[in-house]
Number of protein chains: 2
Amino acid sequence: MGVFVRYTPMTVTETSSVARDGKAQSITLGQTDPLTLDSGEELGPFQVAYKSWGQLNADKSNVVLVCHALTGDQYVTGVNPLTGREGWWPLMCGPGRPLDTNKYFVICANVLGSCAGTSGPAEVNPKTGKPYGLDFPVLTISDMVRAQAMLLDALGIEDIFCVIGGSMGGMQVLQWAVDYPKRVFSAVPIATTWRHSAQNIAFHEVGRQAIMADPNWHHGKYYDHGVTPHAGLAVARMAAHITYMSESGLTSRFGRSLQDRSGVTYGFDADFQIESYLRHQGISFVDRFDANSYLYITRAMDYYDLTINHGGILADAFRETEARFCVMSFATDWLYTTAESRNIVRALNAVGKQVSFVEIDSNNGHDSFLLDEPEMLEIIAGFVRSAAEQRGISTDDG
Amino acid sequence: MGVFVRYTPMTVTETSSVARDGKAQSITLGQTDPLTLDSGEELGPFQVAYKSWGQLNADKSNVVLVCHALTGDQYVTGVNPLTGREGWWPLMCGPGRPLDTNKYFVICANVLGSCAGTSGPAEVNPKTGKPYGLDFPVLTISDMVRAQAMLLDALGIEDIFCVIGGSMGGMQVLQWAVDYPKRVFSAVPIATTWRHSAQNIAFHEVGRQAIMADPNWHHGKYYDHGVTPHAGLAVARMAAHITYMSESGLTSRFGRSLQDRSGVTYGFDADFQIESYLRHQGISFVDRFDANSYLYITRAMDYYDLTINHGGILADAFRETEARFCVMSFATDWLYTTAESRNIVRALNAVGKQVSFVEIDSNNGHDSFLLDEPEMLEIIAGFVRSAAEQRGISTDDG
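Along each chain, residue indices are assigned from 1 in the same order as the chain's sequence is written. As a convention, the first chain written is A and the first ligand written is 1, with the rest following in written order. Given that this is a predicted model, residues contribute local features only at a pLDDT of at least 70 and side-chain atom pairs are listed and counted only at 80 or more, while totals for whole chains, interfaces and linings are drawn from all residues. The side-chain values count all of the structure's non-hydrogen atoms but skip hydrogen atoms and water molecules.

Draft legend 1. Spatial organisation of the relation of the copies chain A and chain B. The atoms used to superpose the copies are C-alpha atoms, taken from residues with pLDDT of at least 70 in both, and the fit is least squares. By a simple turn and slide, chain A fits onto chain B: the slide is 0.0 Å along the axis, the RMSD is 0.0 Å, and the turn is 180°. Taken together, the turn and the small shift mark the pair as related by a two-fold rotation axis.

Rendered as structure tokens:
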């Protein structure tokens, strides 16, 4: 893993006052040895913003790494200071939750390229003193994982007891198991895939084209113009959001119900609730997310293919991993389908890995992993508890 | 059906020199009695551009009405003079084809609101001398069908032997059978639905928002500014196009294949073939379609719900129809699924109508109805031939 900048208290900054909910911190990495990206470019120094909950035990055997999705961030639980709202996985993570912060040292880092404190296109390029924009290097999921490994190295953490995440988080989970086969004890990839499909790429390309078509985008230099390509980013979010929900879920939640009116208006207002809902999703998203980050992270997802360095054979990618897996999919997820999860399970089986698989019968499509799905929570709690026993982590409830 | 302007040679204009491929014509309707739309607004006079093939027989019993889809037009077969390319259904319509122009008088009219000669938002409002823009009234599928009925009235045609169409064309087919229960002898709704679902509306809303977010749209008055919202319309087309293809079809046709390059470029060019293909779909569409028409027609589709005037009961909508039906769906069509076609079939069965149903096992998703699907062509040929026998239409092949 090369020589990375080691953790020193001086490089760590408290960036938030929500310490009662966990520690929000930021670290400078790659100062002496930059991160070599898959593109060949070198990145450094760069910031990684992260947050942790619970205590690292004496033998550092209780580390749970949570990986967030495309538009997620390090604020897994507790109040997100950027939005003032609850984190994105409070039912999964917290005292007594499946990722029990009374037992585990839970850590989540904002991915490289994102916009919640970790270096990305909106951050100032230390070499120019101006925002990177499109001068930020294009990344891969592997690069994101490598930056997380540098963070753990800097924190003096070698082994990950459990790496867990949904959607793009699940891609990172699998990439961790493949790229760091000895460092991961257990892995929980949820609602994810082993490579982005043509349809996945197509939806992302629509979003990128919507952003880049917005005249406010200014070829990525909108920071200099005091504007943001909010209209394009909202359209991108709307298109993506449809893929996060199931057809049946949309029908049962919205159907053809009208929005605060007794009949259609024969116009282009949001007559239907689904229209109003989608518009809200688009508008509220642009307040919290950088458009260039959206370009970079969708690109990393499109480039994602676990088989790339393994001769196109998925099983070969998993050959060296020492992790045990809990693979989970949702029946109505049409973005990353159960069939893709089954491909992962088959590949793991083919090289004799320990894997359990469950498809959750939810109506909520891809977004199910973020929602109150009791079966999901129960199964993951059981898997993590069992893995903790195998790992010999001392726990209160034995 | 009220009193409509009757067909007179004076109101018919040859608009094309492709008469050898059929007759392309345009008619002015609603001059004395305007068309009362579902919105309550009145439209008239207005143009309907249509094309016909074959000869009307003596008792006018051989009329086949073809209904086109969202971005289609009246150029079913032969060269489309607007694009210079082949029409959209040459395998279905022509001498010896399922809709055999040697036997039937086949007619197709550009729908109201569209942009291939029939009145729509891009056409000049006779009252102002300027393009309608958003002053064009918002339409429904029923309104489109009503305009077609006015056209047939003007041509002196009462009965339709067969009304056929896919996607939005299929919606018109069903609407014909419901709104004119005695005029339709047989009906072939293909790859369609009985009401637009929340997911269907959602995809259309994304497209509309993309168009309306384009500064060139100018609240629909772009005609006055000498620009078109091409970027927004291209994004709308790209998003829609994904829904026309199946996930498996995209995977087998494109997968993760790269576009004329040996490796990814770590940039935002179209590295993948699917990206290049989608961009081409978007760019080529804006040359042939009016952005406001796209708004109007998608809106009509979103408003489509056959049960509206029938107490919410689909079977009740079909109670009066005298048509026999051939309902057809495609296994990988996720836009208008087989389940929706089955709902139509069940409703028809519930009120004792004659209906045959087939799901075609194609990998091409929704677009299958436009492609060379031998089973589709064979089944429709058989259905039409059998209906012709029941109707007592004299045919060459008996």
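Draft legend 2. Expanded view of the pairing of strand S15 (residues 184-190) of chain B. Residue and element names in this part refer to chain B. Taken across its seven residues, S15 has seven buried, putting it largely inside the fold. The handedness rule is simple: strands pointing away from the viewer, and a clockwise path from the first strand over the helix to the second, make the crossover right-handed. Helix and strand assignments come from DSSP, with helices taken as H or I runs of at least 4 residues and strands as E runs of at least 2, each series counted from the N terminus. With helix H2 (residues 168-179) bridging strand S14 (residues 160-166) and its parallel neighbour S15, the resulting β-α-β unit is right-handed. In terms of strand pairing, S15 meets strand S16 (residues 324-330) through three bridges, oriented parallel. Residue Ser186 lies in a different strand from S16, and its bridge partner there is Arg324. Burial status follows relative accessibility: with a 1.4 Å probe on protein chains alone, a residue under 20% of its type maximum counts as buried, one over 50% as exposed, and anything between as partly exposed. A strand pair is defined by DSSP finding two or more bridges across the two strands.

Draft legend 3. Quick look at the nonpolar core. One finds Trp176(A), Ile274(A), Phe318(A), Trp176(B), Ile274(B) and Phe318(B) to be the most contacted residues of the largest nonpolar core, which totals 194 residues. We call two residues in contact whenever any of their non-hydrogen atoms come within 4.5 Å of each other. Those residues within four positions of Phe318(A) in sequence are excluded, and the remaining contacts are Leu174(A), Val178(A), Leu306(A), Phe325(A), Ile344(A), Ala347(A), Leu348(A), Val351(A) and Lys353(A). Take the buried Ala, Val, Leu, Ile, Met, Phe, Trp, Tyr and Cys residues and link them wherever side-chain atoms come within 4.5 Å; each set so joined is a nonpolar core.

Draft legend 4. View of the side chain of Asn200(B). Residue and element names in this part refer to chain B. Locating Asn200 in the fold gives a position in helix H3 (residues 198-213). For the purposes of these results, a polar contact is taken to be a pair of N or O atoms within 3.5 Å, where, inside protein, one atom must be able to donate a hydrogen and its partner to accept one; residues adjacent in sequence count only when each atom of the pair is a side-chain atom. In terms of polar contacts, Asn200 uses its side chain to reach the backbone carbonyl oxygen of Leu335, at 3.1 Å. Discounting residues that sit within four places of it in the chain, Asn200 has contacts with Arg195, Asp302, Leu335 and Tyr336.

Draft legend 5. The arrangement of the pattern of salt bridges in detail. Note on definitions: salt bridges are taken to be side-chain nitrogens of Lys or Arg within 4 Å of carboxyl oxygens of Asp or Glu. Tallied over the entire structure, the rule returns 34 salt bridges over all chains. The salt bridge involving Glu275(B) is made with Arg208(A); its shortest N-O contact spans 2.7 Å. You can see Glu275(B) sitting in helix H7 (residues 273-286) and its partner Arg208(A) sitting in helix H3 (residues 198-213), one on each of two chains. Here Glu275(B) and Arg208(A) have matching classes, each one buried. The residue Arg299(A) makes a salt bridge to Asp302(A) at a minimum N-O spacing of 3.9 Å. Of this pair, Arg299(A) and Asp302(A) both sit in helix H8 (residues 291-303), three residues apart, which is roughly one turn of the helix. The residues Arg299(A) and Asp302(A) share a single accessibility class, namely buried. Taken together, the shared-partner salt bridges connect Glu205(A), Arg208(A), Arg299(A), Asp302(A), Arg261(B), Asp271(B), Glu275(B) and Arg279(B) into one network.

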